[in-house]
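The lines below spell out each chain.
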Amino acid sequence: MSSLNDTQARTLSVWQNRVRMRVLSKGAGPALVFFHGPWGLHWDPFLDTLSQHFTVHAPEHPGTTPGAPDDIYHLDGLWDLILCYDELLEQMGLEGAAFVGHSFGAMVACEVAAAYPRRASRLALIDPLGLWRDDAPVVNWMMLNPQELPGAIFRDPASAGARVMFAQAEDEEARVTAQVELTWAMGATGKFIWPIPDKGLKKRIHRVKAPTLLIWGAEDRLVPPVYADDFVRHIAGARVETVKEAGHAPHLEQPAAVAELVRNFLRP
Amino acid sequence: MKISAFHLMPHRELPADFEKRYPSVWVTPPWWELADPVRVGQYYNWTLDELLFAARAGFDGVCTNEHHQNAYGFMPSPNLMGSVLAKATNDLPVAIVQMGATLPTQNPPIRVAEEYAMLDCISGGRLVAGLPLGSPMDVNLCYGITPMEHRERYREAFALTMKAWQAREIFPWNGRYYQLANVNLWPRPIQQPHPPVWVPGSGSISTFDFAVENEVCYCFLSYSGARSAKGMMDGYWDVVTKKGRDANPYRAGFLQLVVVADTDARAEEQYARHVEYFYHKCLHVPAVWFSPPGNQDYRSLQATARNPMRYAVNTKELRYRDFVEKGYVIAGSPATVRQQLEEEVVKGLRVGNLMVLLQIGSMPHELTLQNMDLFAREVLPSLRGFWEDEGWVNHWWPEKLRKRAPEPAVVAAR
C-alpha cells in the first residue's frame, strides 16, 4: 500500500480563509476528485489503483484536515459545505472533473453535481448517503459502540480493507491519535447529516446532468442496497453495479473490482 | 448551607431482567411493554407528593429536571412539575429549584426565560433557575440536535436568556441559531436583575470556565459520590481561584444519593435492592451515547482519549455494599450519614448548595417518605448551619429565602 509520501499534499483555504482543506493528489491523466466518507481520508489501494489512470485529487472534508479541527465551526450547514467545495474546485482550476465519492462523500459529490452541474463530468457514487426510507432506515453509525463499528461498515471486519480504516497502531500515542481522528471525522461530517442523512437531496437531485454510476456493496448493513433504486429513479440514465462480498465500503473490501468498475465507467 | 430534595421521577417497576432484555433505558425502551399511563399518573403524583412532603419537612429547596424518551427519569417538562410545586408551597420558605429546563431543546429558547419568569411570579420570587446543557441522549438522540452544535446552541441560548430577563428595552437577536426581531419578555421575573442561576455539569472543564466566567453556581450532578468527584471539584476550585473569584462555597452545588435508616444494617435491608435497581437499570445506557462524535470539542476529545476515567467502572458488576464502600451512595444510620455528608461532600468538596436524591430507583412511596422524614429530622438540622460562621452570602439562592427561621424542619415533622 502506498503511503502519504507518494502523494502530493497541499492545503487550500476557502470560506474567507476560515476553512483549510488539505488535498492529497497523485497520478497522471484526467482529473478525478475523490470525496471521502465519514471516517476520514486514508490513501488506500483503491485510490492508488485509480491514480495509475487518473490524476486523483482527494480533499479532506472541513474539520478533518490535521491541525485545523476547529475550522468546522465556521460552517453552519450543508449549503455552506457545498459552497466551500465550489470554492475549492475553483481554486484547483477544475471545471469538469470526474467525481467519485463514498458514503457521506458520495452524498457531497452528488450535492455539488446538483448545485453546479458543470463541475462534474461523470459521477461514480459508492454506497451514497443522502436519501431516507422509513422501511429501510440508515443505521446511525455514530451511536454504535466503537467495537461494533467495523462490523457495521465491513462485511468482514477482519479484512485488509477494514485495517485501512481501523489500523491498530502498536504505539499507544499513535493508537490514541487514530481514535481521536476517527471520532472527530465522524463528528465533523455528522454535523451535516445528524440525525437523519436526508437534507433535501431528493429535491435537488434532478439537477444532476452527469452520467452516473451507482456502486453498492451487496452486503451493506449501514445503507441497505435498496437505496440504489431511489438514486436510479431520480438521476436520468443512472445505472447500478452491485459488488459481491462487500459491505458499506466495497472499494476497501474489493478494491480491484471497484477500481475496474470506476475505470470502465469513466473511460467508456 | 442550603439543602434541597432532588427527584428524577423514574419508572419504579421495571422487570427484573430489564437490562438484559432491552438495549438501554433511554430512547429504546418500548412504552407499550413496560408502562401504563394510569400507573405513570400515579408515579407523577407520588413524585409531587414526595417533593411537597420534603418542602413541608424543612428542606430548603425542591428540585425537578428534564429528560426525554426514557424510563430513568421521565419529567419531559420540569416546568409543569415546578408549576404545581410553586403554587402548593406558597406558604413555605422553600425554593423551587428547576435543574432544569434544557435550553438547546427549546426553539426559540426564550420559552425557558418566559416559563421561568412565570414560575418566579407564581412562587413569589422563590425560583432557582437551573440552565442545563442537557444530556446527549436527550438533546442529540431524542431531540435531533447535531452533537457538534449542542454546546454552541447552549451558549447562544444562555446569552439570549440572560439578556431577555435583564434588558429594559425591546431588542432584536440576530444569532447564529436563533433569530428574533423583537424580544420583549412577558412576564418578567420578580427577582431582579434575574433569578439565581445554576449550571449543572458532569466534570467537563469547559463548563467550569463557563460557570465561573458567568458567575453562576456550578452543580456537579454526580451518581458516583463525593470521593470520585474530589479531583474534578478541586479542578473547579482551581478555575475559580485562577479567574480571581472568592472561595464562596455557594459557588458549588453537588448531588448526592442518600439513604437513611435507624441503623446501618437496617439501611442495607431496606434500600439495597432499590440502589442496585438504580445503578443496574436506570443507568443502563451504552457508553458512547454519553458522548456521540462531535459532542466533545477536539481538545476535550484528546483529553478524554488519554484519560478515559469516566467509564472505568462498570456499575452493573457492583452491589449495594460496593456502592456504599465507594461512596456512590451515602447510606446508614443518621450518625453515619451526617458524618459522611459533612466530611466527604460539604467539607471535602466545599459545597454550599447540597442536593440529595432520596427517592432512588424502585424505592416505593412510603419508603421514600421515611427516607425524607429521617433525613429532615436527623440529618438536615446538623448540616444546615454549615458555612454560616464564615459569613458567606449565597448569591445563588433567592434573596428572600437566604435567611430562614431556624429549625422549621423539626417543627413541621413533629
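Each value, and the rule that gives it
- Residues numbered from 1 in each chain as written.
- Chains lettered and ligands numbered in written order.
- Predicted model: local features only at pLDDT ≥ 70, side-chain atom pairs only at ≥ 80, totals over all residues.
- Heavy atoms only, no water.
- Helix = DSSP H or I, 4+ residues; strand = E, 2+ residues; numbered from the N terminus.
- Rg over C-alpha atoms; globule rule 2.2 N^0.38 Å.
- Buried < 20%, exposed > 50% of the residue type's maximum accessible area, 1.4 Å probe, protein only.
- Areas by Shrake-Rupley, 256 points an atom, 1.4 Å probe, with all protein chains shown as cover.
- Polar contact = N/O pair within 3.5 Å; in protein donor to acceptor, adjacent residues only side chain to side chain.
- Contact = heavy atoms within 4.5 Å.
- Buried area = accessible area lost by both parts, 1.4 Å probe.
- Salt bridge = Lys/Arg side-chain N within 4 Å of Asp/Glu carboxyl O.
- Nonpolar A, V, L, I, M, F, W, Y, C, P; charged D, E, K, R; others polar.
- Phe/Tyr/Trp six-rings, centres within 6.5 Å; stacked < 30°, edge-to-face > 60°.
- Lys NZ or Arg CZ within 6 Å of the ring centre and 35° of its normal.
- Expected span 1.5 Å × (residues − 1).
- Arc of directions from axis to C-beta.
- Axes fitted to C-alpha atoms, helices over the stretch in contact; angles between N-to-C directions.
- Parallel < 35°, antiparallel > 145°, perpendicular 65-115°, else oblique.
- Left-handed = near helix turned anticlockwise from the far one by under 90°.
- Pairing = 2+ DSSP bridges.
- Right-handed = clockwise from strand over helix to strand, strands pointing away.

## With respect to the overall build of chain A
So, step 1. A tally of regular secondary structure across chain A gives ten helices and eight strands.
So, step 2. Here the C-alpha atoms of chain A give a radius of gyration of 17 Å, agreeing with the 18 Å that 2.2 N^0.38 yields for 268 residues.
So, step 3. Per-residue burial over chain A gives 58% buried out of 268 residues.
So, step 4. Split by element, the accessible area of chain A, about 10600 Å² in all, is 50% carbon and sulfur.

## Let's talk about the overall build of chain B
So, step 1. Counting secondary structure elements, chain B contains 15 helices and eleven strands.
So, step 2. Whereas a compact globule of 414 residues would reach a radius of gyration of roughly 22 Å, chain B reaches 20 Å, a difference of no more than 12%.
So, step 3. Considering only C-alpha atoms, chain B reaches an extent of 60 × 50 × 45 Å along its principal axes.
So, step 4. Considering chain B as a whole, with its 414 residues, one finds that 60% of them fall into the buried category.
So, step 5. Accessible surface for chain B amounts to roughly 16300 Å². Of this, 53% is attributable to carbon and sulfur atoms.

## Quick notes on the side chain of Ser222(B)
Residues and elements named next belong to chain B.
So, step 1. Along the polypeptide, Ser222 turns up in the loop between strand 8 (217-221) and helix 9 (225-242).
So, step 2. A relative accessible area of 2% means that Ser222 is categorised as buried.
So, step 3. Of note is the side chain of Ser222, whose polar atom sits 3.0 Å from the backbone nitrogen of Ser224.
So, step 4. Not counting residues within four places of it along the chain, the set of residues in contact with Ser222 comprises Phe254, Leu255 and Leu257.

## Thoughts on the interface of chain A and chain B
So, step 1. Contact residues are listed per partner, giving 25 residues for chain A and 24 residues for chain B.
So, step 2. With both chains or domains summed, chain A and chain B bury close to 2200 Å², and 64% of this area falls on carbon and sulfur atoms.
So, step 3. We note a salt bridge from Arg306(B) to Glu173(A), for which the minimum N-O separation is 2.4 Å.
So, step 4. The tally of links between chain A and chain B comes to seven residue pairs in polar contact (both at pLDDT 80 or more).
So, step 5. Its residues assigned to classes, the side of chain A that touches chain B comprises 14 nonpolar, six polar and five charged.

## Structural notes on the side chain of Gln340(B)
All names here are of chain B.
So, step 1. Mapped onto the secondary structure, Gln340 falls in helix 13 (residues 334-349).
So, step 2. Judged by its relative accessible area of 11%, Gln340 is buried.
So, step 3. Setting aside residues up to four positions removed in sequence, Gln340 forms contacts with Arg227, Ile330, Ala331 and Val345.

## Overview of the packing of aromatic side chains
So, step 1. Applying the stated criterion to the full structure yields 34 aromatic pairs over all chains.
So, step 2. Consider the rings of Trp184(A) and Tyr298(B), whose centres lie 5.4 Å apart with planes at 80°: the pair is edge-to-face. In this pair, Trp184(A) is assigned in helix 6 (residues 172-190) and Tyr298(B) in helix 11 (residues 298-306), connecting two distinct chains. Each member of the pair Trp184(A) and Tyr298(B) is classed as buried.
So, step 3. Taken together, the ring pairs connect Trp26(B), Tyr72(B), Tyr223(B), Phe278(B), Tyr279(B), Phe323(B) and Tyr328(B) into an aromatic cluster.
So, step 4. Sitting above the plane of the Phe54(A) ring, Arg267(A) keeps its charged end 5.5 Å from the centroid.
So, step 5. The ring of Phe171(B) is capped by Lys163(B), whose NZ or CZ atom sits 4.5 Å from the centre of that ring.

## Topic: helix 10 (residues 255-266) of chain A
Residues and elements named next belong to chain A.
So, step 1. Taking 1.5 Å of rise per residue, twelve residues should cover 16 Å, and helix 10 covers 16 Å from first to last C-alpha, within 8% of that figure.
So, step 2. Val258, Ala259, Val262, Phe265 and Leu266 are the residues of helix 10 that are buried. Down the axis of helix 10, the smallest arc covering the buried residues is 130°, so these residues share one side.

## Some words on the packing of helix 3 (residues 37-57) of chain B against helix 14 (residues 365-384) of chain B
Residue and element names in this part refer to chain B.
So, step 1. Two numbers describe how helix 3 lies on helix 14: the axes approach to 10 Å, and their chain directions differ by 15°. Regarding the angle of helix 3 to helix 14, the classification is roughly parallel. Remark: the crossing between helix 3 and helix 14 carries right-handed chirality. Contact residues: Trp46, Asp49, Glu50, Phe53, Ala54 and Ala57 in helix 3; His365, Thr368, Leu369, Met372, Asp373 and Ala376 in helix 14.
So, step 2. Along the lines of polarity and charge, the residues of the contact of helix 3 with helix 14 split into seven nonpolar, two polar and three charged.

## Remarks on the packing of helix 4 (residues 78-88) of chain B against helix 5 (residues 110-123) of chain B
All names here are of chain B.
So, step 1. Two elements in contact, helix 4 and helix 5, have axes separated by 8 Å at closest approach and are oriented at 15°. Considering the angle they form, helix 4 stands roughly parallel to helix 5. In the crossing of helix 4 with helix 5, the sense of the turn from one axis to the other is left-handed. Where helix 4 approaches helix 5, its residues Asn79, Gly82, Ser83, Ala86 and Lys87 are matched on the opposing element by Glu115, Tyr116, Leu119, Ile122 and Ser123.
So, step 2. Its residues assigned to classes, the contact of helix 4 with helix 5 comprises four nonpolar, four polar and two charged.

## Observations regarding helix 3 (residues 104-115) of chain A
An α-helical turn contains 3.6 residues, so a residue and the one three or four places further along point in the same direction.
All names here are of chain A.
So, step 1. Over its twelve residues, helix 3 runs 16 Å from end to end, which matches the ideal 16 Å to within 8%, given 1.5 Å per residue.
So, step 2. For helix 3, the buried fraction is high: eleven of the twelve residues fall into the buried class.
So, step 3. All buried positions along helix 3 are accounted for by Phe104, Gly105, Ala106, Met107, Val108, Ala109, Cys110, Glu111, Val112, Ala113 and Ala114.

## Here we look at the environment of Val27(B)
So, step 1. Assignment of secondary structure puts Val27(B) in the loop between helix 1 (18-21) and helix 2 (31-34).
So, step 2. Excluding its chain neighbours within four sequence positions, the residues that come into contact with Val27(B) are Gln69(B), Leu141(B), Cys142(B) and Trp289(B).

## A look at the pairing of strand 3 (residues 95-98) of chain B
Residue and element names in this part refer to chain B.
So, step 1. Of the two faces of strand 3, the one carrying Ala95 and Val97 and the one carrying Ile96 and Gln98 are both buried.
So, step 2. Relative to strand 3, strand 2 (residues 61-64) is paired through four bridges, and the arrangement is parallel. Within strand 3, the residue paired with Thr64 across the bridge is Gln98.
So, step 3. Handedness of the crossover joining strand 2 and strand 3 through helix 4: right-handed.
So, step 4. Pairing of strand 3 with strand 4 (residues 127-130), which is carried by three bridges, proceeds in the parallel orientation.

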